[in-house]
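Fold and contact review
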Amino acid sequence: MRNLKNMAMVFCMTIGTLLTISCSKDDETTVEPQLTPSEVLASTAWETTNAKNNNGEDVVLTDANVSNFVGFAYFKSDGTFTMFNLDDSPKMQGDWSVSADGKTRTIVAKNAAGETLFTRVVDITVLTKDEFTYRIYPNNDDKTVYFDIIHTPTTHVEPN
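Residues numbered from 1 in each chain as written. Predicted model: local features only at pLDDT ≥ 70, side-chain atom pairs only at ≥ 80, totals over all residues. Heavy atoms only, no water.

The next thing to look at is the overall build of the protein. A tally of regular secondary structure across the protein gives 2 helices and 8 strands. For the protein, the succession of helices and strands along the chain, N to C, is α-α-β-β-β-β-β-β-β-β. For the protein, the residues scored as buried account for 30% of the 160 residues in total. Residue pairs at least 24 apart in sequence account for 41% of intrachain contacts in the protein once pairs closer than 6 positions are excluded. Of the roughly 10500 Å² of accessible surface on the protein, a fraction of 54% belongs to carbon and sulfur atoms. (Helix = DSSP H or I, 4+ residues; strand = E, 2+ residues; numbered from the N terminus. Buried < 20%, exposed > 50% of the residue type's maximum accessible area, 1.4 Å probe, protein only. Contact = heavy atoms within 4.5 Å. Areas by Shrake-Rupley, 256 points an atom, 1.4 Å probe, with all protein chains shown as cover.)

Shown next, in the form of structure tokens:
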């Protein structure tokens, strides 16, 4: 009888332990909200960290083909942007948008009076929370020669 009670107690403890282990939080998943391409671009500040040519080779950021596209970019959710050179000197400001399908980004650079200086539309090749890459063509009539301008998130504070 005593052995039966001991066996029953061991059995209950084993079942209780198994139930406790099986109720761990492993089954809980955190679902992140799906962001639109515009929301992804506006979710962080970006820094140019690399450039690649059409052969997939790294291009130094001081190369004349890419140096004009290098710096820090701050895309705000209200559709405005500011860009700075890597030395924090002002580069440009204006309005921006991303197509709904996330394939192109348009910037409209404006002077301090709000007058349009130029509009640039670029093809987006990567747009995630970890990378924003767009493609530029030195000659718009020749799509075989291009440079991909690669940006990664930065904690660099936007200069005043």
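Next comes the rest of the account.
What follows concerns empty space enclosed by the protein. What the rule picks out here adds up to 1 cavity of 30 Å³ or more. In terms of lining residues, the largest cavity is bounded by 18 residues, among which Phe-69, Met-83, Lys-91, Tyr-134 and His-151 are the most central. Secondary structure elements with two or more residues in the lining of the largest cavity: strand 2 (72-75), strand 3 (80-84), strand 4 (90-98), strand 5 (104-110) and strand 7 (132-136). Ranked by the residues each element gives to the lining of the largest cavity, the list is headed by strand 2, at 3 residues. A per-class count over the lining of the largest cavity returns 11 nonpolar, 4 polar and 3 charged. (1 Å grid on protein atoms, 1.4 Å probe; cavity = no way out; pocket = protein on both sides within 12 Å on 5 of 7 lines; lining within 4 Å. Points joined across faces, edges and corners; volume = space filled by probe spheres on them. Nonpolar A, V, L, I, M, F, W, Y, C, P; charged D, E, K, R; others polar.)

Here we take up the layout of surface pockets. Put simply, the largest pocket is a space of about 180 Å³. Lining the largest pocket are Asn-65, Phe-69, Arg-120, Val-121, Val-122, Asp-123, Arg-135, Ile-136, Tyr-137, Pro-138, Asn-140 and Phe-147. The set of elements that each furnish at least two residues to the lining of the largest pocket consists of strand 6 (116-127) and strand 7. It is strand 6 that contributes the most residues to the lining of the largest pocket, 4 residues altogether. Residues belonging to the lining of the largest pocket are distributed by class as follows: 7 nonpolar, 2 polar and 3 charged.

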